Amino acid sequence: MKINKVTLLGHKDHGKSTLIGNMLITSGAASEQRINEAKKTSRKLGRRFEPGYILDSFEEERQGEMTIDTTRAQVKYRDVAFEFIDVPGHEELIKNMISGASYASFALLIVSAKADEGIRPQTKRHIFLAKMLGIDRIIVAVNKMDTIGYDEKEFERIKGELGEFLGGVGIRNDNVYFVPISAYNAENLSAKSPNMKWYKGKPLLDVMRTVVKSNEEVEDPHLRILLQGTIPHETGSMLIGNVLSGSIRSGQRIMILPEGANATVKDLFVKGSRTKSASTGENVAMLLDKPISREPRGSVIYSEGSRQRPSDEIKATVFLTKEIGEKITVRFNGSNLQGKIAINSLIDTTTGSREAPKSGNYALNAADVNIKLGKKIQAEPFTDSRELGRFVLYEGSKFAGIGIIK
Amino acid sequence: MIQQDINELEERSIFIIREAKSKFKNVAALWSMGKDSTTMIALARKAFLGKVPFPVIHIDNGIDFPETYKFRAELAKKWNLDLIVVESEIKPEMSGFACCGANKTVALKKLMEERGFDALIVSIRRDEHGIRAKERYVSPRDRNFKWSYKDQPAELWNDYSSSLDSKGHVRVHPLLDFNEIDIWNYIKKEKVPINPLYFSRNGMRYRSLGCTHCTTAIKSNARNVDDIIKELGTTTTEERAGRDQDKEKEYVMQKLRSLGYM
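**A few points about the overall build of chain B**
Part 1: A count of helical and extended segments in chain B gives 8 helices and 8 strands.
Part 2: In chain B, buried positions account for 50% of the 262 residues.

So this is what it looks like as structure tokens:
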């Protein structure tokens, strides 16, 4: 069955791992051994039972009561299946949070309603990042309702404040859902809690089911094949690549960019067998009627006559995880490219506001930038092609952030 | 256990195996003759149109099952595999952590150094173990095989790690997304040859295969692939329940893996 990937978001200690842990237990997805092991560890550490330990399996995670790295767990609920991607909430572990969240199609944001917790800068930063990664459907679980006497007013207050911010970063109102829960007591997860009769909506898992059921993905018919390289073949070498969108057939005229060469597909293979055509998602191997002039890794195949043009300059929005200088490495679809970055404006990820760049450390900030590369690449705006519209930033061998092409 | 879309999993694995071959100079794969690494080789055959373009390594401690050795010989011939057998020492007083940690890892280290492999394909799956669920698709190990699990590289989309210290290597995990039942669905779909120890004889079968010292059979009447798929659909026990080393104590898998174990 189709697995719907959902990333958790939110500030540390607001209950992300606990929530997934209890979802795994209530849905029967966690084996008895895993639950017993988590119970045993909780006892050994002298704590009450922590469902989060089903996911937090590193010794350091359990002892330190924090998620260090991302992990995944699957749950079947009624006629749908979810894969929860747990991520760390700590600021300094944002690299691991981005790694996990990048695979999700929607998000579950946890905000603690407990006194002194509430909406934090990291709560908003995670929303901003999720939106950047292309996630535009968010379920907000207002957690720890049991600690504030299931107070409807506080729930409404959080809903109002976050709703405004979500709208501000461009997430549509009708794609946002709010559910009051207690992750630890498993309230409003799969059944309505008698303690929150004022809440008229569905329990969390049913809201998640509604979200995935209402989503219709529109397929882009334009052909794009991202080339990985070549493999040896008796008649020379074959191109290998992944069909990002559209479809291709044997005999079709194609165009390879940035080379700018036109060619005809002479032979086509999918999953090791010869085929007449291949479609989105498939990995192909193909013979062309003529060799291509340069290393094909990172090149893109379009239909002949495509108006796409390569460029050595990109305009993008980036999120930085560390301080950077002017010289950066752009990792784009398997290639490492040297580039020079110029920052046009800074974006405060906790308010969404833009301002002129000032000197200083831009770590944990977003920015509108221009990047000049050492050579031409075939990229597209993120809104046209996700795969060709995003990149990863490095400074030397250090991860420095992500970018979305405008 | 959730059954995922086999075609989607297959394409993702093919992409990752091809990516490893395109990106790294000297790739090898581990083959234990178990269901997972055999499935991985079947996928590599698809990725490269029939011919597996890298050597497959068996770290042989001499105490695997006779059926396993027979299966190795037959399939290596049938699929024309470039098989490397590394003999590792086994001491009778060792078991579990010491055995798998010391003896298998040491033998592999020696081979990796001799042959200069920079990428090693390992057929672990996320659903096998909480620690394996924390893994990346491509994960660097330093020259001492150490896994810096507290500082794993970023891994977004299809951008896999490429930073390596000079003598280190990467572990490539193309089956990370597969569940145990998906492996069996794939074996069924592709008629992948499989070690007979997985099938029930006298009411017992092996669900997870290690060496003769540390693996125990489970009660089962599953005599063929269909039976196994049916059995897994309703089971509530863990796949590796018959593996000693996981049960010795908490965090054993974490310690083994941080030292370079598969």
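Don't stop here, the text continues.
**Section: the sheet that holds strand β5 (residues 138–143) of chain A**
Residues and elements named next belong to chain A.
Part 1: Reading across the sheet, the 6 strands line up as β2-β3-β1-β4-β5-β6 and stay open at both edges, with mixed pairing between neighbours. In this open sheet, the two edge strands, each paired with only one partner strand, are β2 (71–77) and β6 (176–180). The mean inter-strand angle of the sheet, taken between neighbouring strand axes irrespective of direction, is 25 degrees.
Part 2: Relative to β6, β5 is paired through 5 bridges, and the arrangement is parallel. When the bridges of β6 are listed, Val-142 appears paired with Pro-180.
Part 3: Contacts from helix α1 (residues 16–26) reach β1 (3–9), β2, β3 (80–86), β4 (106–112) and β5 within the one sheet, and its direction differs from that of β3 by about 150 degrees.
Part 4: Against the sheet, helix α5 (residues 121–132) contacts β1, β4 and β5, and its axis sits at roughly 175 degrees relative to β4.

**What to know about the environment of Ser17(A)**
Part 1: In this fold, Ser17(A) is placed in helix α1.
Part 2: Considering only alpha carbons, one finds Ser17(A) and Gly52(A), 35 residues apart in sequence, at a separation of 4.5 Å.

**Details of α5(A)**
Residues and elements named next belong to chain A.
Part 1: Taking 1.5 Å per residue, 12 residues should reach 16 Å; α5 reaches 17 Å between its end C-alpha atoms and fits that length.
Part 2: For α5, a buried count of 10 out of 12 residues is recorded, marking the element as mostly surrounded by other parts of the structure.
Part 3: For α5, every residue scored as buried is listed here: Gln-122, Thr-123, Lys-124, Arg-125, His-126, Ile-127, Phe-128, Leu-129, Ala-130 and Met-132.
Part 4: Backbone geometry just after α5 places Gly-134 at a positive phi near 100 degrees.

**Looking at the nonpolar core**
Part 1: Core analysis: the biggest nonpolar cluster contains 119 residues, and Ala107(A), Leu109(A), Ile138(A), Ala141(A), Val142(A), Ile225(A) and Val284(A) have the highest contact counts within it.
Part 2: Among the elements that make up this core, the one with the highest residue count is β4(A) (6 residues).
Part 3: Residue contacts for Leu109(A): discarding those within four places in its chain leaves Leu9(A), Gly10(A), His126(A), Ile127(A), Ile138(A), Val140(A) and Ala141(A).
Part 4: Ranked by size, the runner-up nonpolar core spans 56 residues in total, among them Tyr160(B), Val172(B), Phe178(B) and Trp184(B).

**A look at the domain arrangement of chain A**
All names here are of chain A.
Part 1: Segmentation of chain A into domains returns domain 1 (3–214), domain 2 (224–303) and domain 3 (311–405).
Part 2: Centre-to-centre separation of domain 2 and domain 3, based on C-alpha positions: 29 Å.
Part 3: Taken together, the 11 residues of domain 2 in the interface contact 10 residues of domain 3.
Part 4: The set of elements that each furnish at least two residues to the side of domain 2 that touches domain 3 consists of β7 (224–233) and β8 (236–245).
Part 5: Looking at which element gives the most residues to the side of domain 2 that touches domain 3, the answer is β7, with 3 residues.
Part 6: Grouping the amino acids of the side of domain 2 that touches domain 3 by side-chain chemistry returns 5 nonpolar, 4 polar and 2 charged.

**Quick word on the interface of chain B and chain A**
Part 1: Contacts between chain B and chain A engage 38 residues on the former and 43 residues on the latter.
Part 2: When residues of the side of chain B that touches chain A are traced back to their parent elements, those giving at least two are α1 (6–23) and α2 (35–47) of chain B.
Part 3: The element that contributes the greatest number of residues to the side of chain B that touches chain A is α1(B), accounting for 7 residues.
Part 4: Partitioned by chemical class, the residues of the side of chain B that touches chain A number 14 nonpolar, 10 polar and 14 charged.

**So, the sheet that holds strand β6 (residues 169–172) of chain B**
Residue and element names in this part refer to chain B.
Part 1: Taken together, 6 strands build an open sheet; the order of strands is β3-β2-β1-β4-β6-β5 and the sheet is mixed. Among the strands making up the open sheet, the edge pair consists of β3 (83–87) and β5 (138–141). Across the sheet, the mean angle from the axis of one strand to that of its neighbour is 30 degrees, orientation sign disregarded.
Part 2: Looking at chain direction, strand β2 (residues 56–60) and β3 are connected through 5 bridges and run parallel. Within the sheet, the bridge partner assigned to His-58 lies in β3 and is Val-85.
Part 3: Against the sheet, α1 contacts β1 (27–30), β4 (119–121) and β6, and its axis sits at roughly 160 degrees relative to β4.

**Description of the packing of helix α5 (residues 180–190) of chain B against helix α6 (residues 225–234) of chain B**
All names here are of chain B.
Part 1: Across the interface, α5 lies against α6 with an axial gap of 10 Å and an inter-helix angle of 160 degrees. Comparing the axis directions of α5 and α6 gives the class roughly antiparallel. Both α5 and α6 take part in a crossing whose hand is left-handed. Where α5 approaches α6, its residues Glu-180, Ile-181, Trp-184, Asn-185, Ile-187 and Lys-188 are matched on the opposing element by Val-225, Ile-228, Ile-229 and Leu-232.

**What to know about the confidence of the model for chain B**
Part 1: Looking at chain B as a whole, its pLDDT mean stands at 87, while 89% of the residues score no less than 70.
Part 2: For this predicted complex, the interface confidence score (ipTM) comes to 0.92, while the overall pTM stands at 0.93.

How each quantity is defined
- Residues numbered from 1 in each chain as written.
- Chains lettered and ligands numbered in written order.
- Predicted model: local features only at pLDDT ≥ 70, side-chain atom pairs only at ≥ 80, totals over all residues.
- Helix = DSSP H or I, 4+ residues; strand = E, 2+ residues; numbered from the N terminus.
- Buried ≥ 20, exposed ≤ 12 C-beta atoms within 10 Å, placed from the backbone.
- Pairing = 2+ DSSP bridges.
- Axes fitted to C-alpha atoms, helices over the stretch in contact; angles between N-to-C directions.
- Contact = placed C-beta atoms within 7 Å.
- Expected span 1.5 Å × (residues − 1).
- Core = buried A, V, L, I, M, F, W, Y, C linked by C-beta atoms within 7 Å.
- Domains from an automatic or database assignment.
- Nonpolar A, V, L, I, M, F, W, Y, C, P; charged D, E, K, R; others polar.
- Parallel < 35°, antiparallel > 145°, perpendicular 65-115°, else oblique.
- Left-handed = near helix turned anticlockwise from the far one by under 90°.
- pLDDT = per-residue confidence, 0-100.

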